[in-house]
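Analysis of the macromolecular model
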Amino acid sequence: MKLDSDITNQLKVKYESIDQDLEVHLEGLLHSKPISYWDYIQTDVLLNLQKPRTDFPDEMVFIMYHQISELLFKMILSEIEQVAKNEIDDLDTEIFTEKIMRISRYFDVLTSSFSIMKDGMDIEQYNQFRTTLTPASGFQSAQYRKVEFASTELINLIDKRFRDSIDRNSSYENAFEHLYWQAAGKDFETGKKTYTLSAFEERYKDEFIAFTKFYYTNNLWSKYKELPKVSQENKSLIKAMRHYDYTVNVKWVKAHYNTANHYLNIGGKTAEATGGSEWVKYMHPKYQKRIFFPDLWTAQEIEDWGTNI
């Protein structure tokens, strides 16, 4: 195949723009190895990331399932970031709708995938290897917390008990102390926190606060409300946003709840979560009524949130 002169000229311009010699880079191609699937995907690295703590084979299912979930969270955050960093003049209805639907598809996969956990592990094995996971907890997924921060205004993530009374102009520190997932490891009367929550905050709190400062006005809900009125009334966009909201805050969390209930509610006796949380009220969508885009739902739909599934 003859090297196209136009391509050669484009390459020359490209490397000259960064003060590089094209011929040196072309010579480098003589010595470089061809790319392979396993090198590009880093297959060997990926397949050696599983480090079970027991010899129970179903622990591998548990580990890999959560690793896959974290990869999907990363894909979701990448899509949201593209919306967040886009100037509103460049963010037309079609682009916004497409991004929301991409994100929704990832969560559709996450929701349906819970059958892998619910029906794919031996109950006896799970309830033995899970004791070695204490005090780790699924609520310590930093990426999922970022998905929430990037999706809606901070007020919509405040614990329902304080949502109406907290100052909407409250400091990030104060708002952080009243986020709904604090209930998974905090006694609001005494302020005492579990080790699980304290360790999570020690690792991620500063990062979360910096993250929320950017997404305070760049989250999906805020971006939507900045669109022209005609765009906000677009039926396809509204449908996409409602689908995303309901999938994340009802279908996905309910699937998570049902999976936990399958393993932890045996014979009418509810086991404590590895992180020590009161997982039933923490996880079931009807208690917290987390809604990313509240104005897109009727009062009755909000009242019935999480009760009809």
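Here the structure is shown first, and the text comes after it.
In this report, the structure presented in the accompanying data block is examined. (Residues numbered from 1 in each chain as written. Predicted model: local features only at pLDDT ≥ 70, side-chain atom pairs only at ≥ 80, totals over all residues. Heavy atoms only, no water.)

Brief notes about the packing of aromatic side chains
By the definition in use, this model includes 33 aromatic pairs. Between the aromatic rings of W181 and F200, the centroid separation amounts to 5.5 Å while the plane-to-plane angle is 65 degrees, which identifies the pairing as edge-to-face. Linking W181 in the loop between α10 (172-176) and α11 (195-215) with F200 in helix α11, this pair joins segments that are 19 residues apart in sequence. On the accessibility criterion, W181 (1% relative accessible area) is buried. Classification of F200 by relative accessible area gives buried; the value is 2%. Among the aromatic residues, those joined into a cluster by ring pairs are Y65, F73, F107, F114, Y144, W221, Y224, Y244, W252, F292 and F293. When the ring centre of W297 is taken as origin, the NZ or CZ atom of R242, which lies over that ring, is 4.0 Å away. (Phe/Tyr/Trp six-rings, centres within 6.5 Å; stacked < 30°, edge-to-face > 60°. Helix = DSSP H or I, 4+ residues; strand = E, 2+ residues; numbered from the N terminus. Buried < 20%, exposed > 50% of the residue type's maximum accessible area, 1.4 Å probe, protein only. Lys NZ or Arg CZ within 6 Å of the ring centre and 35° of its normal.)

Some remarks on the nonpolar core
The biggest cluster of nonpolar side chains holds 69 residues, and the ones touching the most others in it are I76, I80, F96, F107, W181, L220 and Y244. Ranked by residue count, the leading element in this core is helix α14 (residues 235-264), at 13 residues. Beyond its immediate stretch of four places on either side in the chain, F96 contacts V83, L91, L220, K223, Y224, L227 and L237. (Core = buried A, V, L, I, M, F, W, Y, C linked by side-chain atoms within 4.5 Å. Contact = heavy atoms within 4.5 Å.)

Structural notes on the packing of helix α5 (residues 58-84) against helix α6 (residues 93-112)
The interhelical angle for the contact between α5 and α6, taken along N-to-C directions, is 170 degrees, at an axis separation of 10 Å. Taken as axis vectors, α5 and α6 run roughly antiparallel relative to one another. Along the contact surface, α5 presents Y65, S69, L72, F73, M75, I76, E79, I80, Q82 and V83, while α6 presents F96, K99, R102, I103, Y106, F107, V109 and L110. The residue makeup of the contact of α5 with α6, split by class, is 13 nonpolar, two polar and three charged. (Axes fitted to C-alpha atoms, helices over the stretch in contact; angles between N-to-C directions. Parallel < 35°, antiparallel > 145°, perpendicular 65-115°, else oblique. Nonpolar A, V, L, I, M, F, W, Y, C, P; charged D, E, K, R; others polar.)

Examining the packing of helix α9 (residues 142-151) against α11
Packing of α9 against α11 leaves a shortest axis separation of 10 Å and a crossing angle of 25 degrees. One element, α9, and the other, α11, form an angle in the roughly parallel class. The interaxial crossing formed by α9 with α11 has right-handed handedness. In contact with A142, R145, K146, F149 and A150 of α9, α11 contributes F200, Y204, E207, F208, F211, T212 and Y215. Its residues assigned to classes, the contact of α9 with α11 shows eight nonpolar, one polar and three charged. (Left-handed = near helix turned anticlockwise from the far one by under 90°.)

None of this, on its own, says anything about what the molecule does.
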